[in-house]
Amino acid sequence: MAQQILCHQRTRLSYKDAYGYVIPVGSTSLMAWVTDEGMIGTDGFDIEALANAGVPAAIVGASESTLEDLDGLMDAEVKAANLPAVQRRVEIGMPGREALNRM
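The sections below set out a description of the structure shown in this document.

Rules used throughout
- Residues numbered from 1 in each chain as written.
- Predicted model: local features only at pLDDT ≥ 70, side-chain atom pairs only at ≥ 80, totals over all residues.
- Heavy atoms only, no water.
- Patch = residues over 30% accessible without salt bridge, like charges linked within 9 Å, V, L, I, M, F, W, Y side chains within 5 Å.
- Areas by Shrake-Rupley, 256 points an atom, 1.4 Å probe, with all protein chains shown as cover.
- Salt bridge = Lys/Arg side-chain N within 4 Å of Asp/Glu carboxyl O.
- Helix = DSSP H or I, 4+ residues; strand = E, 2+ residues; numbered from the N terminus.
- Core = buried A, V, L, I, M, F, W, Y, C linked by side-chain atoms within 4.5 Å.
- Buried < 20%, exposed > 50% of the residue type's maximum accessible area, 1.4 Å probe, protein only.
- Pairing = 2+ DSSP bridges.
- Axes fitted to C-alpha atoms, helices over the stretch in contact; angles between N-to-C directions.

### A word on a nonpolar patch on the surface
A contiguous nonpolar patch, built from Tyr19, Tyr21, Ile23 and Val25 and spanning about 310 Å² of accessible area, is present on the exposed surface. For Ile23, the location among the structural elements is in strand E2 (residues 17-25).

### Describing the nonpolar core
Nonpolar side chains tend toward joint burial in soluble globular proteins. Membership of the largest hydrophobic core comes to 22 residues, with the highest contact counts inside it found for Trp33, Ile40, Leu73, Val78 and Val90. Counting residues per element, the ones that place at least two in this core are E2, strand E3 (28-34), strand E5 (57-61), helix H2 (70-75), strand E6 (77-81) and helix H4 (96-101). In terms of residue count, the dominant contributor to this core is H2 (three residues). Counting residues in hydrophobic clusters, the runner-up holds five residues, among them Met39, Ile47, Ala57 and Ile59.

### Notes on the sheet that holds strand E1 (residues 7-12)
Pairing is mixed in the open sheet, where six strands are placed in the order E1-E2-E3-E4-E5-E6. Here the strands that pair on one side only, and so sit at the sheet edges, are E1 and E6. Here the average twist between neighbouring strands, direction ignored, is 25°. Taken together, the three bridges between E3 and strand E4 (residues 39-41) define a ladder with antiparallel strand orientation. In the strand pairing of E4, Val34 is matched with Met39.

### A word on the pattern of salt bridges
Applying the stated criterion across every chain, the model contains six salt bridges. A salt bridge links Arg102 to Glu98; its shortest N-O distance comes to 2.8 Å. Given the relative accessible area of 34%, Glu98 is considered partly exposed. Linked through salt bridges whose partners overlap, the residues forming this network are Arg10, Arg12 and Asp17.

### Considering unusual backbone geometry
You will see that Arg89, though not glycine, has its phi angle at about 70°, which is positive. Along the chain, Arg89 turns up in the loop between helix H3 (83-86) and H4.

Pasting the structure below:
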């Protein structure tokens, strides 16, 4: 089940910090990790609109279950990536943490 409280946390990646957000919306939640240059998130984010602004972004998801927390978002596979993310070598199937490190 998705978290139903607004959540904000920080984690250290290989060379930078990332900030995680859980935003409750109705019976679900939007989740994202954001760096100074890009983001990974759940379905519900318009990564093509972010591409128009030059922001690298990817959608990540679990293959057989619903993501329950921000840690799960880091472990989930990239399902879609916009052109700025692809230009930073983000690939479908890679873990979210690896994709975020490339942004």
